[in-house]
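# A closer look at the structure
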Amino acid sequence: MGAEALSQENQGLNIGEAYLLSVGYDGERRKAFLKLYDTSDDRIKIWYDDTGHLPYCISKDPLEELEMNEGIAKHPGLAKMERAERYDALRDRRLDVVIIYAKDPLAIGGRPSGCIRDLVRAWEANIKYAESYIYDLGLVPCMPYRVSNGRLSPMAHELPMDAVAHLEAALEGEDEDHRRAVREWISLLEAPMPKLKRVALDIEVYSPIATRVPDPDEAEHPILCIGFFDNEGRKRILILDRGEGFEAEPLPGDLEASFFKSEADMLRAAFDIIREYPIVLTFNGDDFDLNYIWHRAQRLGMGKGDIPLEVGRESISIKNGIHIDLYKFFVNKSMQVYAFRQKYREMTLDDVGMALLGEGKRKSAASVSEMSYSELAAYCMKDAELTMRLSTYDDELVMKLIVVLSRISFLGIEDVSRQGVSNWIRSMLYREHRRRGYLIPRPDEILELKGTTATEATIKGKKYKGAIVVEPKPGVHFGVAVLDFASLYPSIIKMWNLGYETILCPHEECRDNLVPDTPHWICRKRRAIQSVLIGSLRDVRVKWYKPKSKDKTLPEPKRNWYMVVQDALKVILNASYGVFGAETFSLYCPPVAEATAAIGRYVIRRAIEKAKSLGVEVLYGDTDSIFLGTTDQALLNELVRWAKEELGMELEIDKYYRYLALSSRKKNYLGVREDGSVDIKGLTGKKRHVPEFLKKAFYDMIQILSEVRSFDEFNSARERIKRIVRECYLKLKNREYSLEELAFNVMMGKSPEGYTKTTPQHVKAARLLSQRGIEIKPGDLIAFVKVTGELGVKPVQLASKNEIDTEKYLEYISSTFEQVLDALGIEFDELIGVRRLESFFGPATRG
DNA sequence: ATCTATGGCAAGCCGA
DNA sequence: TCGGCTTGCCAT
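So, a few notes on the structure that sits alongside this text. All figures in this text were calculated on a predicted structure; none of them were measured in a lab. (Residues numbered from 1 in each chain as written. Chains lettered and ligands numbered in written order. Predicted model: local features only at pLDDT ≥ 70, side-chain atom pairs only at ≥ 80, totals over all residues. Heavy atoms only, no water.)

## Re the environment of K462
Counted only if it meets this: In DSSP terms, a helix is any run of H or I states spanning at least four residues, a strand is any run of E spanning at least two, and both are numbered starting from the N terminus.
Structurally, the position occupied by K462 is in the loop between helix 17 (443-450) and strand 14 (469-470). Each C-alpha atom, one on K462 and one on L251, is 59 Å from the other, the two residues being 211 residues apart in sequence.

Laid out in structure tokens, this is it:
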């Protein structure tokens, strides 16, 4: 049937080179479609499914659903097969558990559905659709294809010979599953990067109250202007002509401005511009800009057909186009922490722009409603420009990341840029199930077969025991080497064949293949899917992309690409263990997470014992790292060799410290490297909430410590540190610091009413702000100072200098500095003079 | 609708 | 006053 008949829509579709960017479902046609980026004219072409697969439709009304899916019930594959027969057939093809698919078969990009029934399961066993559909066709998002007479075929690209040669050597001794996976990853990651034409859009909306954000669902106020900034630097601005009082005035010369008497005409002009581009970028366009336009256009009498937008539940797409909401991308915790190293802290365009581009939003005294046309245009254009530049800076880093993540996760770019890391991993694993013809287990099926955890967590309320943190040896240590296991948990998943299928397998023969520290065992007969996929990704990163990204002999663009891929892989690998311990993950399997952590403890424990047996002192260690009191190459190399031999794990010499200062606190240290750079971990002085004045003094002290080369030099350093602390103390006492410098900055974890058990200080301050009519939302940073009086705190906005509680601040200074000083054997009292301090000292010093 | 994990520290709250 | 608990932030 269908496979032979070309859809009418596809007839005559010929594209030389097209990148598959997104997968969607057209409800009216009841067909899946692909959005293809045509590189010859930079437009999106739509390709409709003509493979003849039947869509399964989900409806709240069961009768309606049956009716809609009549075709499926008649499907020959389904009709033929009896229930018991199906299960047997499944069992034969599976590893060792009965695994049954039970997700919404229309989940494009994978939205789980509660609507699950045998019908779907059986149907899924025989035909595949939608999410599985691009896999059936052998398609991978963001890869190049040729379309000829409506048929898609992959475009070959050359693999770099050095990569091929290197990999063949590195793959020696690995099994065939692993080798195949590594080759495929390289092929995906080395495919060409498409040049993507795109425009950034931003709107400004009139608001009668300056501080209130207009509600997009109501869209009751007019849109004042719409700015477009494209990746070739073209700037266009559409402005609503509001008549009297707003004379047309000269606008910057490179700005193409158009004025409209009618807001509807302005929107129509905006739609024409949107249609010009294959890709539209916004910063929060899902929730605000495009959402407002959507509702406003209808309020002005336009029909849905006149608007080139497609509104989904959580996102807005563009007909014949792609919409990427960069806010959703940057708000993603994994991106923030691992790819951008926490350079930005707040999820605003201003903060992200400042951190990544060195430039924030345009400052303006007036609200948009009161701005002159030229000011309004400049303000709006700046936001559009920042949004665009977030996608272009550093040789298109962000676009590259999205493309690479899309290829790894097999999600289209609209999905991958909006979803979290657990969904990327889910999609990656599902794809492999489908390719192998495996059905996918439901969460309750895995849980029932594999059960929960067997160890007791150290922290109350956690599900299982985690990593080891070695008790630090307090003091200053000169000549320290830090060794760590490269990608510890992914390596464990690879070496120990961990996966939901293989843990606690049904074979008697495997029961003695135990995970140390647990009653769990692991299958010896089959390889687990996740072990293969995560293990191969890990090897691709560690053996190819990471070293290449550091190779200074490579041309810059090449090295940049290696760096991007390396970062993208890091993000996925870092999450690859945690997802199995997250209830919300669709392949949640607590014993897998527990076993991973347990093996991690075993590995580091063995390494510590080995170091000791070599006569090396172990100063500290955390999860996957050990800090050793030697820099003797022979000893270190022996340890590395031993780890490879004995544990099958790659232990690496990470760095050397000229000296390392340890207190008795875990996860707290200061290490100075040979070149004088300093690693500060966990110390209060660097934490976000600490007042600026104290951070400054703290870093002044660090600067001094970084210059210390030998034990003797601590004496002069001590004097200089003494001066810093004294000065800090005096300025505090004389009230020379501004309120801003004195402010603690603490984030609201929830709304002010959400705090029922206790009322922390920042919440007290927040409530004072609420009383003044200032809205406080979760995620807001509250700046407050400590004051004398009942409450003890006040928001900066409401405080005055003379009510500052200097004693409290002094306590804070002393405890902050002590963390470093007690490691160095310096008494805080002695720095500042005990005489003056006596009255302040409350808590005794540690150690 | 969305959400990787556990371990550890400092500070403050709050009831015994 | 003490100690358990909550909170936020950080390490890995």
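## Observations concerning the packing of helix 21 (residues 590-613) against helix 22 (residues 633-647)
Our working rule: Only C-alpha atoms enter the line fits that serve as axes; for helices the fit covers just the stretch in contact. Angles between N-to-C directions range over 0 to 180 degrees. Note that the term roughly parallel is reserved for angles under 35 degrees, roughly antiparallel for angles over 145, roughly perpendicular for angles of 65 to 115, and oblique for everything else. Each helix crossing is assigned a hand: it is left-handed if the near helix lies turned anticlockwise from the far helix by less than a right angle, otherwise right-handed if that turn is clockwise. Note on contacts: a residue pair is in contact if any heavy atoms of the two residues lie within 4.5 Å.
Orientation of helix 21 relative to helix 22, taken along the N-to-C sense of each, is 140 degrees, at an axis distance of 11 Å. One element, helix 21, and the other, helix 22, form an angle in the oblique class. When you trace helix 21 past helix 22, the crossing you get is right-handed. Taking contact as the criterion, the partners of Y602, V603, R606, A607, K610 and A611 in helix 21 are, on helix 22, E638, L639, W642, E646 and L647.

## Remarks on the protein's contact with DNA strand C
Filter applied, for reference: Nearness here has a simple test: a residue counts as near a molecule or strand if at least one of its heavy atoms is within 4 Å of that partner. Under the rule applied, a polar contact is a pair of N or O atoms within 3.5 Å (in protein, one hydrogen donor and one hydrogen acceptor; residues adjacent in sequence only if both atoms are side-chain atoms). Classification used: nonpolar for Ala, Val, Leu, Ile, Met, Phe, Trp, Tyr, Cys and Pro, charged for Asp, Glu, Lys and Arg, polar for all others including Gly.
For DNA strand C, the set of nearby residues contains 23 residues, the closest of which are R345, D624, G682, R688 and Y755. A breakdown of the atoms of DNA strand C within 4 Å of the protein gives sugar and phosphate a share of 93%. In the environment of DNA strand C, a phosphate oxygen lies 2.8 Å from a nitrogen or oxygen atom belonging to the backbone of G682. Contact distances for DNA strand C include 3.0 Å between a phosphate oxygen and a backbone N or O atom of G749. Mapped onto the surface near DNA strand C, the elements with two or more residues apiece are strand 20 (678-681) and strand 21 (744-747). Its residues assigned to classes, the surface near DNA strand C comprises six nonpolar, six polar and eleven charged.

## Observations regarding the sheet that holds strand 9 (residues 255-260)
Put simply, the rule reads: Note on pairing: DSSP must find at least two bridges between two strands before they are called paired.
Strand order in the open sheet formed by six strands is 9-8-7-6-10-13, with mixed pairing between adjacent strands. If you trace the sheet from one side to the other, it starts and ends with strand 9 and strand 13 (322-325), each paired once. Strand-to-strand twist of the sheet, defined as the mean angle between neighbouring strand axes without regard to direction, takes the value 20 degrees. As paired strands, strand 6 (residues 198-205) and strand 7 (residues 223-230) are joined by seven bridges and run antiparallel to one another. Each bridged residue has a counterpart across the sheet, and for A200 the counterpart in strand 7 is F229. Helix 9 (residues 263-276) contacts strand 6, strand 7, strand 8 (235-240), strand 9 and strand 10 (279-282) of the sheet and is inclined by roughly 15 degrees relative to strand 7. Across the sheet, helix 14 (residues 373-409) is in contact with strand 6, strand 7, strand 8, strand 9, strand 10 and strand 13; its angle to strand 6 comes to roughly 145 degrees.

## Description of the side chain of S406
Here S406 shows up in helix 14. Among the polar contacts made by the side chain of S406, one reaches the main-chain carbonyl oxygen of L411 at a distance of 2.6 Å. Residues within four places of S406 in sequence aside, it is in contact with P141, C142, L411, G412, I413 and V416.

## Details of the sheet that holds strand 18 (residues 651-662)
Pairing in this open sheet of seven strands is antiparallel, and the strands run 14-16-17-15-18-19-20 from one edge to the other. Edge strands, defined here as strands with exactly one partner in the open sheet, are strand 14 and strand 20. Both strand 14 and strand 16 (residues 618-622) contribute to a ladder of two bridges, which runs antiparallel. Looking at strand 16, one finds that V469 is bridged to D622. Across the sheet, helix 22 touches strand 15 (475-485), strand 17 (625-628) and strand 18, and the angle it forms with strand 18 is around 135 degrees.

## Brief notes about the packing of aromatic side chains
The line we're drawing: We call Phe, Tyr and Trp rings a pair once their centres come within 6.5 Å, taking the six-membered ring for Trp, and we label the pair stacked below 30 degrees between planes, edge-to-face above 60, and tilted otherwise. Remark: exposure states derive from per-residue accessible area (1.4 Å probe, protein chains only) relative to the maximum for the residue type, with buried under 20%, exposed over 50%, and partly exposed in between. The criterion is that NZ of a Lys, or CZ of an Arg, lies within 6 Å of the ring centre and within 35 degrees of the ring normal, and then a charge sits over that ring.
This model, assessed by the stated rule, comprises 29 aromatic pairs. Ring centres of F329 and F340 lie 6.5 Å apart, and the angle between their planes is 85 degrees; on these two criteria the pair is classed as edge-to-face. Residue F329 is located in helix 11 (residues 326-331), and its partner F340 is located in the loop between helix 12 (333-339) and helix 13 (349-357); the two are separated by eleven residues in the primary sequence. Exposure class is identical for F329 and F340. Each is buried. The structure contains a cluster of three or more aromatic residues connected by ring pairs, namely F693, Y737, F744, F784, Y809 and Y812. R426 extends its terminal NZ or CZ atom over the ring of Y430, reaching a point 5.3 Å from the ring centre. Here the guanidinium or amino end of K750 rests over the ring plane of Y755, the centre of that ring lying 5.0 Å away.

## Quick word on the packing of helix 18 (residues 488-495) against helix 19 (residues 529-549)
In contact at an axis separation of 8 Å, helix 18 and helix 19 are set at 130 degrees when each is read in the N-to-C sense. It follows from the interaxial angle that helix 18 and helix 19 lie oblique. Along this stretch, helix 18 crosses helix 19, giving a crossing that reads as left-handed. Across from P490, S491, I493 and K494 in helix 18, the residues of helix 19 making contact are Q530, S531, I534, G535, R538 and D539. Counted by class, the contact of helix 18 with helix 19 contains three nonpolar, four polar and three charged residues.

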